[in-house]
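One-letter residues, chain by chain:
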Amino acid sequence: MAIYREKDIFERRNAANEAKKALLERFKARPAADDPAVLARQAERKAILEARAIREAEKARLKQERLALEAAEKAAREAAAEAARLEAEAKAREEAAIREAEENERIARLLADEAERKAKRDARYAARKQRVGRTPPGFQAR
């Protein structure tokens, strides 16, 4: 079992001084701004950033094209749906007109049949009254 020993102030100060020296040495060992390796890294980073900008511009252009295509397709679908709706409405109006004409014709036939039955009934009634010999006042045979 190891016993933990705290560092005293002198050890901590020496360690801090050595860390500062190492940091200063690293800073001094750093290549200058006009060093070919530094310039090469900067050129590489610049090329990477330019390539990224080109890719992002292409991506944005493709997105705009896709959105425009989707909008055109949506407009075409809506136009087709509107045309289908108008066609269905026209067909429904046509069918309603046909049903109404058929209903009017049926009503006209019923009225005609009813008038014919009434005329026959009136004729029978008039004939019976004639046979009996008396015609009611105000009755006219048709």
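These numbers were taken from a predicted model, which means no experiment stands behind them.

A. Spatial organisation of the overall build of the protein chain. Helix and strand content of the protein chain: two helices and zero strands. The principal-axis extent of the C-alpha atoms belonging to the protein chain is close to 155 × 50 × 30 Å. In the protein chain, which comprises 142 residues, the proportion classed as buried is 3%. Computed over 36 positive and 28 negative side-chain charges, the separation of the two mean positions in the protein chain equals 6 Å.

B. Expanded view of the pattern of salt bridges. The tally for this structure, following the rule as stated, stands at 10 salt bridges. Between E89 and R85 there is a salt bridge, with its nearest N and O atoms 2.3 Å apart. One end of the pair is E89 and the other is R85, both in helix α2 (residues 36-132) and four residues apart, which spans about a single turn. The salt bridge involving E114 is made with R117; its shortest N-O contact spans 2.7 Å. Placement of the pair is E114 and R117 together in helix α2, with a separation of three residues, close to one helical turn. For E114, a relative accessible area of 41% puts it in the partly exposed group. Of the residues examined, R117 reaches a relative accessible area of 47% and is grouped as partly exposed. By sharing partners, the salt bridges in this structure join E58, R61 and E65 into a single network.

C. Expanded view of a positive patch on the surface. Side chains of R121, R124, R128 and R131 sit close together on the surface and give a patch of like positive charge. Inspection of the secondary structure assignment puts R128 in helix α2.

D. Quick peek at the environment of E18. Tracing the backbone shows E18 in helix α1 (residues 9-29). Classification of E18 by relative accessible area gives exposed; the value is 55%. Along the chain, E18 and A40 lie 22 residues apart, while their C-alpha atoms are 33 Å from each other.

E. Expanded view of α2. The terminal C-alpha atoms of α2, which comprises 97 residues, lie 141 Å apart, in line with the 144 Å expected from a rise of 1.5 Å per residue. Those residues of α2 lying buried are V38, D122, A126 and K129.

About the cut-offs
Residues numbered from 1 in each chain as written. Predicted model: local features only at pLDDT ≥ 70, side-chain atom pairs only at ≥ 80, totals over all residues. Heavy atoms only, no water. Helix = DSSP H or I, 4+ residues; strand = E, 2+ residues; numbered from the N terminus. Buried < 20%, exposed > 50% of the residue type's maximum accessible area, 1.4 Å probe, protein only. Lys, Arg positive; Asp, Glu negative; His and termini not counted. Charge placed at Lys NZ, Arg CZ, Asp CG, Glu CD. Salt bridge = Lys/Arg side-chain N within 4 Å of Asp/Glu carboxyl O. Patch = residues over 30% accessible without salt bridge, like charges linked within 9 Å, V, L, I, M, F, W, Y side chains within 5 Å. Areas by Shrake-Rupley, 256 points an atom, 1.4 Å probe, with all protein chains shown as cover. Expected span 1.5 Å × (residues − 1).

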